[in-house]
Each structure stands twice: as structure tokens, then as C-alpha cells.
Amino acid sequence: MDMSNPFISRFETGSGAEIFQIPVQAFPGFWVNVYLVLADPYIVLIDTASGFGDANDKLSAGITSLHSRRGETVRLENLTHILLTHAHIDHFGGLPFLSESSNAQLGVHDLDWRIVSNYEETLSLISRRLEVFFTEAGVSAERRAKLMELYRINKNLYHSVEVNFTYQTENMRLGPFEMLHVPGHTAGHVLIRLDDCVFTGDHILGDISPHQAPEQLTLSTGLAHYLESLEIAREWVESARLVLPGHKKEITNASSRIDLIKEVHFQRLAQVFACCGQPTTIQQVSRQLFANVSGYNVLLALEEAGAHIEYLHQRGYLRITNVDEVESAECPLPVLYQQARNFTEQPN
Ligand SMILES: [Zn+2]
Ligand SMILES: [Zn+2]
């Protein structure tokens, strides 16, 4: 099959709908998948890449290269819908560009709606919560300023766009497309099913365990919701013939991926618990878990450690040893966690 973009893969569902996987570099060295789906009369884009650097151009070029092979239907102007799996910038940052170059109706889950359509508000809220989180995690003021700058850097490229419909208000359907709510990685993450094919976004990935952040930053995220949602997803991915993730290649063993991802988190919970033999901050735990990270990954590592501490603390496996000091201080202070009761949970 001749396609001018050698990275584009073509799939077909049981009833003959065509799917083109278009990998786009979202940030330097970091690729994300956009899917163009032709399910007559629907011409749908699932996710949009980041809008960063040349991502919009590369996405357009990918679609144009399909156009020359497939004919008139495949043009940005002809898109009928854009469906988001979840509101992370690497998946929706291309929206300002796409809303100008197409008339597609944009859909997102209700719990991620605010991020896409009122981004400025979300950014200021989350920035504030992140500052408090970093302070309580034991990150110094100087390092905090650097992390906050990193957090905002790519995000200021986006501006809010109008959402045309939300999934819950449409009973989790659009024509032949069905959505399944799997909160955790984001509050409004969904799987999207078309015939015997399931798009998993970042809920299930083939090579890594998807990123977790503590729920104190955003309601309906956090590790406990995520673990529950892995089980919610199991039936859909087990019965699918084709499982297409938001990053990298198709997943061939989705059910065992779910088991493995759960195992990773329970091992990590045990590791975090073991780190807390003495009073310990989230930053100290993060450094023990992820020793050699730099740049934006420092932020991700702190969130990942924070999500695991939050899980353990909420269930009483950890207690806060400096609670009086934290309570009486006028501004947030580093919080110290220590083992309180034995952690013996296993993936079930
Ligand atoms: Zn994501
Ligand atoms: Zn992603």
C-alpha cells in the first residue's frame, strides 16, 4: 500500500469502517496518535495531537496524504466530528487550529468539558493547587518556581474552544460510536468503541503504565478511580478485535495489559509504603522511585508519587507525623508521612 506518510497505518472494523492511525510528534521525542475514522456518513477525528511546534502541519499533511489516495472525502473541511478520548494537551491541543480549518462538531465527556472550553479558568485553578501540592511535597521555593514555569510553558499555546456536545448528554453515543466512562487518568476519560474496535486513549497503553496524579489536584482522578476504571474497561477490550491506544502501536493483549498495569501499581504502592519507615515527604519518595528524571518528568514523578501516597494515606496505611505543625501554620508546609498499619493489598 502506497502512502506518502510511512507512519500511517490502516485498519478496518468488522463492518468495513476504515481507520487511519496518524502518529504526530506532540512534543520533542514524544508521539501521539490521531485517528481518522471513515464510517459513512461519519468522518471523525479521534483526538487532535498537541498543536505544539509543527504538530498541526504534520496532522494536516497526514490527512492530505490520505486525501490523495482516498479522494474527496478525506479533507479537514469534510470532517463531521472530532471526538476526544480525554482532555490532556497532547490529545486536544490541536483544537484551536482544527476549529478554524473545519466545521466538525466537537464532543468530549462532561467531566473534561470545562478543561477544553474554559481552559484559562482550569489553568489558574490547577496552577494554584499544584503550588500547594509541591509545597506540601517538600519542594523548595526555587525548584517550585521552575516546575510551575515548565507546567505553564506548553499550555499557554492553547486557548479555549467551544464544545458542541458532551457524551453524557448524548447517552454516550454518536451514531455507531459508543463511549465508556473510565475516570482516573483524567476525570472525563472515555473509551470509544466502533464495531469490534476500541480506542483506549491513555487509559490503557501497550508499553507503560499511564500517568497518575493525586485526586487533590482534580476531582475524579487519582489512583483508586483509575484502578476501578481498569476493571470497567476489561469487558470492552476483551471482546474487541482491535485495540488502538493514544500512543504507540495497537495493543494485542489488552486484558493482560490491564493485569500488568495493576501489578505495577500495587508493586509501586508497596515500594512507597516501604519508603515511609521514617517520616518522609512526597519529594523524597519520588526521588527514590524515579532517581534519574529531569525537566517535565520531575513534575510527573512528583504527581505519580503523590497519587500513591494519597491512596495509602486515605486508607490509613500512612499517617501524617507533623499534623500539629501543618495545621497551625499560616501557609502550606512540607507534610511528613509514616507507616501506620501494614500494607498487604494485592491486585484482585
Ligand atoms: Zn493523557
Ligand atoms: Zn497522552
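Refer to the structure printed above.
From a predicted model like this one, the values you see are computed outputs, not experimental measurements. (Residues numbered from 1 in each chain as written. Chains lettered and ligands numbered in written order. Predicted model: local features only at pLDDT ≥ 70, side-chain atom pairs only at ≥ 80, totals over all residues. Heavy atoms only, no water.)

(A) The arrangement of the coordination of the zinc ion (ligand 2) in detail. At 2.1 to 2.3 Å from the zinc ion (ligand 2) lie its protein donor atoms, namely Asp90 (OD), His91 (NE2), Asp202 (OD) and His247 (NE2). In this structure, the zinc ion (ligand 2) is surrounded by four donor atoms whose angles at the metal cover 92 to 151 degrees, and the resulting shape is irregular. Between the zinc ion (ligand 2) and the zinc ion (ligand 1), a spacing of 3.5 Å is present, and a bridge between the two is formed by Asp202. Of this pair, Asp90 sits in helix α2 (residues 89-92) while Asp202 sits in the loop between β11 (197-201) and α7 (223-239), placing them 112 residues apart in sequence. Owing to a relative accessible area of 9%, Asp90 belongs among the buried residues under this scheme. (Donors = N, O, S within 2.8 Å, 3.2 Å for Na, K, Ca; no water. Tetrahedral: all angles 85-135°; square planar, octahedral: opposite > 155°, others 65-115°. Helix = DSSP H or I, 4+ residues; strand = E, 2+ residues; numbered from the N terminus. Buried < 20%, exposed > 50% of the residue type's maximum accessible area, 1.4 Å probe, protein only.)

(B) Spotlight on the pattern of salt bridges. This model, assessed by the stated rule, comprises 13 salt bridges. The partner of Glu77 in a salt bridge is Arg75, with the nearest N and O atoms 3.2 Å apart. With a relative accessible area of 48%, Glu77 lands in the partly exposed category. With a shortest N-O distance of 2.8 Å, Arg241 and Asp196 are connected by a salt bridge. With Arg241 in the loop between α7 and β12 (242-245) and Asp196 in the loop between β10 (190-194) and β11, this residue pair connects regions lying 45 residues apart in the sequence. With a relative accessible area of 51%, Arg241 lands in the exposed category. With a relative accessible area of 18%, Asp196 lands in the buried category. Shared partners join several salt bridges into a network, and the residues in it are Glu231, Arg234, Asp259 and Lys262. (Salt bridge = Lys/Arg side-chain N within 4 Å of Asp/Glu carboxyl O.)

(C) Looking closely at the sheet that holds strand β4 (residues 42-46). Sheet architecture is open: seven strands sit in the order β1-β2-β3-β4-β5-β6-β7, paired in mixed fashion. Bordering the open sheet on either side are β1 (9-12) and β7 (165-166), each of which pairs with just one other strand. Lying over the sheet, helix α1 (residues 55-70) contacts β1, β2 (18-27), β3 (30-39) and β4, oriented at roughly 155 degrees with respect to β2. Across the sheet, helix α4 (residues 110-117) is in contact with β6 (105-108) and β7; its angle to β6 comes to roughly 125 degrees. (Pairing = 2+ DSSP bridges. Contact = heavy atoms within 4.5 Å. Axes fitted to C-alpha atoms, helices over the stretch in contact; angles between N-to-C directions.)

(D) A look at the coordination of the zinc ion (ligand 1). Bound to the zinc ion (ligand 1) on the protein side are His86 (NE2), His88 (ND1), His185 (NE2) and Asp202 (OD), at distances that span 2.2 to 2.3 Å. What the four donor atoms of the zinc ion (ligand 1) show is an angle range of 89 to 164 degrees at the metal, which sorts the shape as irregular. Donor residues for the zinc ion (ligand 1) sit on one chain with the sequence pattern H-x1-H-x96-H-x16-D.

(E) Seen up close, helix α10 (residues 296-314). For α10, which comprises 19 residues, the first-to-last C-alpha distance of 27 Å matches the rise-based estimate of 27 Å (1.5 Å per residue) to within 8%. One or two steps after α10, the chain reaches Gly316, where phi turns positive at roughly 80 degrees. (Expected span 1.5 Å × (residues − 1).)

(F) Layout of the packing of helix α5 (residues 119-137) against helix α6 (residues 141-153). The interhelical angle for the contact between α5 and α6, taken along N-to-C directions, is 150 degrees, at an axis separation of 11 Å. Classified by the angle their axes make, α5 and α6 are roughly antiparallel. Where α5 crosses over α6, the two elements pack in a sense that is right-handed. The residues of α6 that touch α5, namely those facing Leu123, Ile126, Ser127, Leu130, Glu131, Phe134 and Thr135, are Arg144, Leu147, Met148, Tyr151 and Arg152. (Parallel < 35°, antiparallel > 145°, perpendicular 65-115°, else oblique. Left-handed = near helix turned anticlockwise from the far one by under 90°.)

(G) Here's a closer look at unusual backbone geometry. Omega for the peptide link from Asp40 to Pro41 comes to 5 degrees, which places this bond in the cis form. In this fold, Pro41 is placed in the loop between β3 and β4. The phi torsion at Met172 lies on the positive side, around 60 degrees, for a residue other than glycine. Tracing the chain through its elements places Met172 in the loop between β7 and β8 (173-174). Phi angles above zero are rare outside glycine, and Ser220 is one such case at about 65 degrees. On the basis of relative accessible area, Ser220 is assigned to the partly exposed category, the value being 23%.

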